[in-house]
Amino acid sequence: MSASPMDLDVDLGPMPKEGEHFLQQGLRGLLQSQELCDVALVSSGGAAFPAHRAVLAASSPQLRARVAMLDYKIQVDGLPALQLDVQHSEAVKALIDCVYGTGENCDGCYNPSSEEANRDVLALARNFELSALEDRASRWLARNLTTANLLDRVSTCERFGLNDVKDKILEQLTANTDVLYELVSDPSVRSVPGVLQDLLLRVLQLLGCGPPVSSAATKDQPIQADA
């Protein structure tokens, strides 16, 4: 044996990321069993969802500010109420799912019941700067597109400044002349003059006129627009 100790390195690989998984799993368990809940998220329709102030506050500075300003005199089901200015209760549920990591983050998993419900989700995502929630709601706008819902979807993009999604939808629309003709023949398109202007500019660009366009069929003919 040498008089001096010698170093011996043993590589056991990276540390497993189980701590984060167990923490998130534990928080979901507390939510599902409604243990230790100390706040209720309430839609304008009156639906209430118990939650934990610490979890909400850790999710975004805006939620932390709202939690800090709670009026404990206003309670629902024995919990201080955090009133949210959205009508659809599923939008509040979508926010909670996002914050607690209970919503599946895959295409097709997020599926609101209506355009209005999705707009409520986008409103909450914007108000509280929850980018993951906004991404889910934005991607849904580009799924299952038809000439029946296209104007509504594009109007939503304009309302929330979702220019990338809007551009991709209009790009696919101008590439499908049958669907484009069906859409511009619909009298309701006159209610969204901005869309008409964008379409005209895109058609002119396809004809080789003007610079590239950028935004800073049958009634239910499908339109593909990958977000």
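Above this note sits the structure.
Read on for a plain summary of the structure. Quick caveat, the model's predicted, so the values are computed rather than measured.

**A few points about the pattern of salt bridges**
Summed over the entire model, instances satisfying the criterion amount to 8 salt bridges. Between Arg153 and Glu115 there is a salt bridge; the shortest N-O distance is 2.7 Å. Placement of Arg153 in helix α7 (residues 150-160) and of Glu115 in helix α5 (residues 115-127) is noted, with a sequence separation of 38 residues between them. Among the residues examined, Glu115 registers a relative accessible area of 13% and is labelled buried. Ionic pairing is found between Arg126 and Glu134, a salt bridge with its closest N-O pair at 2.8 Å. Residue classification places Arg126 among the partly exposed residues on the basis of a relative accessible area of 36%. On the basis of relative accessibility, which here comes to 19%, the residue Glu134 falls in the buried class.

**Looking at the packing of helix α4 (residues 89-100) against helix α6 (residues 131-140)**
Put simply, α4 and α6 touch, their axes get as near as 9 Å, and they point 125° apart. As the angle between them shows, α4 and α6 are arranged oblique. Relative to α6, α4 is oriented so that their crossing is right-handed. Contacts between α4 and α6 pair Ala94, Leu95 and Cys98 from the former with Ala132, Leu133 and Arg136 from the latter. Here the contact of α4 with α6 is built from residues that sort into 5 nonpolar, no polar and 1 charged.

Scoring rules and cut-offs
- Residues numbered from 1 in each chain as written.
- Predicted model: local features only at pLDDT ≥ 70, side-chain atom pairs only at ≥ 80, totals over all residues.
- Heavy atoms only, no water.
- Salt bridge = Lys/Arg side-chain N within 4 Å of Asp/Glu carboxyl O.
- Helix = DSSP H or I, 4+ residues; strand = E, 2+ residues; numbered from the N terminus.
- Buried < 20%, exposed > 50% of the residue type's maximum accessible area, 1.4 Å probe, protein only.
- Axes fitted to C-alpha atoms, helices over the stretch in contact; angles between N-to-C directions.
- Parallel < 35°, antiparallel > 145°, perpendicular 65-115°, else oblique.
- Left-handed = near helix turned anticlockwise from the far one by under 90°.
- Contact = heavy atoms within 4.5 Å.
- Nonpolar A, V, L, I, M, F, W, Y, C, P; charged D, E, K, R; others polar.

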